[in-house]
Amino acid sequence: MVKICCIGAGYVGGPTMAVIALKCPAVEVVVVDISVARITAWNSEQLPIYEPGLDDVVKQCRGRNLFFSTDIEKHIARADIIFVSVNTPTKTRGLGAGKAADLTYWENAARMIADVAKGDKIVVEKSTVPVKTAEAIEKILIHNSRGVNFQILSNPEFLAEGTAIQDLFSPDRVLIGGRETPEGKKAVQALKQVYANWVPEDRIITTNLWSAELSKLAANAFLAQRISSVNAISALCEATGADVAEVAYAIGKDTRIGPRFLSASVGFGGSCFQKDILNLVYICECHGLPEVANYWKDVIKINDYQKSRFVNRVVSSMFNTVSEKKIAVLGFAFKKDTGDTRETPAIDVCKGLLGDKAKVCVYDPQVTEEQIQRDLALNKFDWDHPLHLQPMGATEVKPVAVTRDAYEATKGAHAVCILTEWDEFKKLDYVRIYEGMQKPAFIFDGRNVVDAQQLREIGFIVYSIGKPLDSWLVDTPAVV
Ligand SMILES: NC(=O)c1ccc[n+]([C@@H]2O[C@H](COP(=O)([O-])OP(=O)(O)OC[C@H]3O[C@@H](n4cnc5c(N)ncnc54)[C@H](O)[C@@H]3O)[C@@H](O)[C@H]2O)c1
Ligand SMILES: O=c1ccn([C@@H]2O[C@H](COP(=O)(O)OP(=O)(O)O[C@H]3O[C@H](CO)[C@@H](O)[C@H](O)[C@H]3O)[C@@H](O)[C@H]2O)c(=O)[nH]1
C-alpha cells in the first residue's frame with residue numbers, strides 16, 4: 001500500500017488529502033501538524049475549516065485510509081510520498097521584509113524529513129513557494145541525508161476556497177514538476193499515478209521544476225490582475241455613468257477574454273493573491289528586473305486604492321464624517337462560503353471606518369467574534385503564521401461590536417456596508433432594515449449583491465461599486 005504523509009493540516013493539506021484518500025482507497029494518507037488544536041479538530045465532528053462538501057468527504061474516509069496525527073516523525077518515517085503544505089508567509093523582518101516569502105516553516109519541515117527518513121522518499125512541494133525553492137530544499141535534504149535518496153517534486157495547488165472540494169474533484173489541471181533525470185521522471189510518474197485515480201490524463205501536466213513553481217505564482221498574479229483591471233474600470237464607470245457589470249459582460253463575451261473573474265468588488269482578499277504577487281515582485285527585483293516588478297506591484301496598488309476609495313465614498317457621502325455613527329458591516333470573510341478572513345478587504349475597510357471614529361458593528365454567518373477582533377488587532381502579515389505561533393491580539397480592547405444577526409447589526413445604524421457576497425444578504429428584509437435605521441439610510445454595496453433599484457424605492461441611498469451614482473453621491477468625491 002502506498003503511504004502518503006502530508007505535513008500541514010490547513011486549508012490546503014486537509015481538503016487535498018481528504019480527496020486523495022477518497023479517490024484512492026488503496027493509498028494510506030496521514031495528515032500531520034504541529035498544531036495540536038488543529039489535529040484535534042480534524043479528528044472531531046467540528047472540522048477546523050468550513051468548506052462546502054468537506055465534512056462528507058472526511059466522514060467517508062477518516063479512520064479508513066485517512067488519519068490526522070501530531071506524531072509527525074513517525075508518519076514521515078513510514079511514508080513513501082511526503083507532501084509539504086505548510087505556511088509560506090510574507091517575511092516581516094530582515095532581508096526582503098514585506099515582500100519575500102518566509103520559508104522558516106518549510107525549512108523546519110525539510111530538516112525534520114532529513115532527520116527521520118530511513119528509506120527513499122519523494123518530497124512534494126504543495127505550498128506556494130518562490131522559484132528555485134526546490135533547489136534549496138534539495139540541498140538541505142541531501143546534506144543531511146545519511147544515504148537516503150530524495151526526489152523533490154513541485155505540485156502546486158490551484159484550489160479556491162469555498163469551492164475546494166469541487167476544484168479537487170474536477171481540477172482544470174494538475175501540475176507536476178520534477179528533475180529531468182531518470183530518477184526524477186520516475187518520481188513524477190509515481191505522483192501522476194496517484195492523481196490518475198480520478199483526474200483524466202490530459203489534465204495532468206508535467207514540466208520541469210522551475211516552470212511548475214513559477215506557474216503557480218504567475219497564475220495567481222494573472223487572476224489578481226483581472227480583478228484589479230475590472231476594479232480600475234469600476235472607478236472610471238462611476239466617473240462617467242457607465243455600468244461595470246455591463247462593461248464586464250460586453251468584454252467577457254470576447255472569447256479571448258472570457259467571462260470569469262470579472263466581478264468588480266471592494267478588492268480582492270484571501271491568503272494567496274497579495275502574498276504571491278509580493279513574492280513574484282521580490283523575485284523580479286532579485287533578478288534585476290525592476291520594470292517587471294513594478295508592473296505586478298501595481299496590481300496590489302489598485303487593490304489598495306479600491307479599498308481606500310470605498311472607505312472614502314462612505315465617509316464623504318455621510319457629510320464627511322462617520323464619527324460616533326453606527327455602521328453595520330455585513331460580511332467579514334474574504335469571499336462567500338468560507339470562514340477564512342486572511343487578508344479580507346473587510347479588515348482594511350473596518351480599520352478605515354474606525355480611523356474616522358465610526359462605531360462599527362459586524363455580522364458574518366461564518367466568522368466568529370474572536371476571529372474578527374483578532375484580525376483587527378493583528379499587524380500586517382502576522383495572520384499567516386501557524387495559529388499557536390501568532391502574537392496574541394489585544395483581547396480586552398474590542399475595536400468593533402459583533403452580532404449573530406444581520407438585523408441586530410443594522411438596527412439604529414446610519415449605514416450598511418456589504419463586504420462579502422453571502423447569498424443570504426440578497427434575501428434580507430430590507431424594508432425592515434430601513435425602518436430600523438437612522439435617516440438618511442445608506443447602503444454601500446462592495447460586492448454588487450443587492451438590487452439597488454429596489455432599495456432606492458424603499459428609500460435608501462445606494463452606492464454599488466462601478467454603477468451609475470445616485471444624485472446624492474455624484475457631488476461627493478471619493479478619490480483617495
Ligand atoms: N489557502 C488556499 O486556498 C491555498 C491554495 C493554494 C495554495 N496555498 C498555499 O498552500 C500553503 C498552505 O496554505 P494553507 O492555506 O493551507 O495554510 P494554513 O495556515 O491553513 O495551514 C498550514 C499548516 O501548516 C502547519 N505547519 C507549519 N509548520 C509546520 C511544521 N514544521 N510541521 C507540521 N506542521 C506545520 C500549521 O500549523 C498549519 O496548520 C501556503 O503556501 C499557501 O500559499 C493555499
Ligand atoms: O471576479 C472576481 C473574483 C474574485 N474576487 C475576489 O478575489 C479574492 C480571491 O478569490 P478566489 O480566487 O476565488 O479565492 P482564493 O481561495 O483566494 O483562490 C485563489 O488563490 C488560491 C491560493 O493560491 C489559488 O489556489 C486559487 O486558484 C485562486 O483562485 C476574493 O476576495 C474574491 O472575492 C473578486 O473580487 N472578483
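Everything numeric in this text was worked out from a predicted model, so none of it was measured. (Residues numbered from 1 in each chain as written. Chains lettered and ligands numbered in written order. Predicted model: local features only at pLDDT ≥ 70, side-chain atom pairs only at ≥ 80, totals over all residues. Heavy atoms only, no water.)

Caption draft 1: Region of the structure containing the nonpolar core. Core analysis: the biggest nonpolar cluster contains 63 residues, and Phe 310, Tyr 430 and Phe 460 have the highest contact counts within it. No other element matches helix α13 (residues 345-355), which puts 5 residues into this core. The contacts of Phe 310, once residues within four sequence positions are left out, are Val 266, Val 349, Cys 417, Leu 419, Phe 444, Asp 445, Gly 446, Tyr 463 and Ile 465. One finds Val 29, Val 31, Val 124 and Ala 187 within the second-largest nonpolar core, a separate group that totals 43 residues. (Core = buried A, V, L, I, M, F, W, Y, C linked by side-chain atoms within 4.5 Å. Buried < 20%, exposed > 50% of the residue type's maximum accessible area, 1.4 Å probe, protein only. Helix = DSSP H or I, 4+ residues; strand = E, 2+ residues; numbered from the N terminus. Contact = heavy atoms within 4.5 Å.)

Caption draft 2: Helix α1 (residues 13-23), seen in detail. For α1, the tally of buried residues reaches 10 of 11 residues, placing the bulk of the element in the interior. Among the residues of α1, those classed as buried are Gly 13, Gly 14, Pro 15, Thr 16, Met 17, Ala 18, Val 19, Ile 20, Ala 21 and Leu 22.

Caption draft 3: Structural detail: the site of ligand 2. The environment of ligand 2 is formed by 21 residues, the closest being Phe 158, Leu 159, Ser 265, Cys 272 and Arg 447. One of the backbone N or O atoms of Glu 161 is found 2.8 Å from an oxygen atom in ligand 2. Measuring from an oxygen atom of ligand 2, one finds a side-chain N or O atom of Lys 216 at 2.8 Å. For ligand 2, whose free accessible area comes to 690 Å², the fraction covered by protein is 90%. Among the elements that line the shell around ligand 2, the one with the most residues is helix α9 (residues 209-240), at 4 residues. Broken down by class, the residue content of the shell around ligand 2 amounts to 11 nonpolar, 4 polar and 6 charged. (Near = heavy atom within 4 Å. Polar contact = N/O pair within 3.5 Å; in protein donor to acceptor, adjacent residues only side chain to side chain. Areas by Shrake-Rupley, 256 points an atom, 1.4 Å probe, with all protein chains shown as cover. Nonpolar A, V, L, I, M, F, W, Y, C, P; charged D, E, K, R; others polar.)

Caption draft 4: Structural view of the site of ligand 1. Around ligand 1, the structure places 26 residues, and the nearest of them are Asp 33, Arg 38, Thr 88, Glu 161 and Lys 275. With respect to ligand 1, the backbone of Thr 128 contributes an N or O atom lying 3.0 Å from an oxygen atom. One of the side-chain N or O atoms of Arg 342 is found 2.9 Å from an oxygen atom in ligand 1. With the chains in place, 95% of the 830 Å² that ligand 1 exposes on its own is no longer accessible.

Caption draft 5: Inspection of the pattern of salt bridges at higher detail. The final tally for this structure, using the stated rule, is 23 salt bridges. Between Asp 423 and Lys 336 there is a salt bridge, with its nearest N and O atoms 3.1 Å apart. Taken together, the residues Asp 423 in the loop between β12 (415-418) and α16 (430-436) and Lys 336 in the loop between β9 (326-330) and α13 connect sequence positions 87 residues apart. In this structure, a network of salt bridges that share partners links the residues Lys 99, Glu 285 and Lys 297. (Salt bridge = Lys/Arg side-chain N within 4 Å of Asp/Glu carboxyl O.)

Caption draft 6: Spatial organisation of the sheet that holds strand β13 (residues 442-445). Across the sheet, which stays open at both edges, the 6 strands sit in the order β11-β10-β9-β12-β13-β14 with parallel pairing between neighbours. Every other strand in the sheet has two partners, leaving β11 (401-403) and β14 (461-464) as the edge strands with one partner each. Neighbour-to-neighbour, the strand axes of the sheet open up by a mean angle of 20 degrees, direction not taken into account. Bridge count for β9 against strand β10 (residues 359-363) is 5 bridges, and the pairing is parallel. Following the sheet pairing, Leu 330 is matched in β10 by Tyr 363. (Pairing = 2+ DSSP bridges. Axes fitted to C-alpha atoms, helices over the stretch in contact; angles between N-to-C directions.)

No statement about biological role is implied by the geometric values presented.
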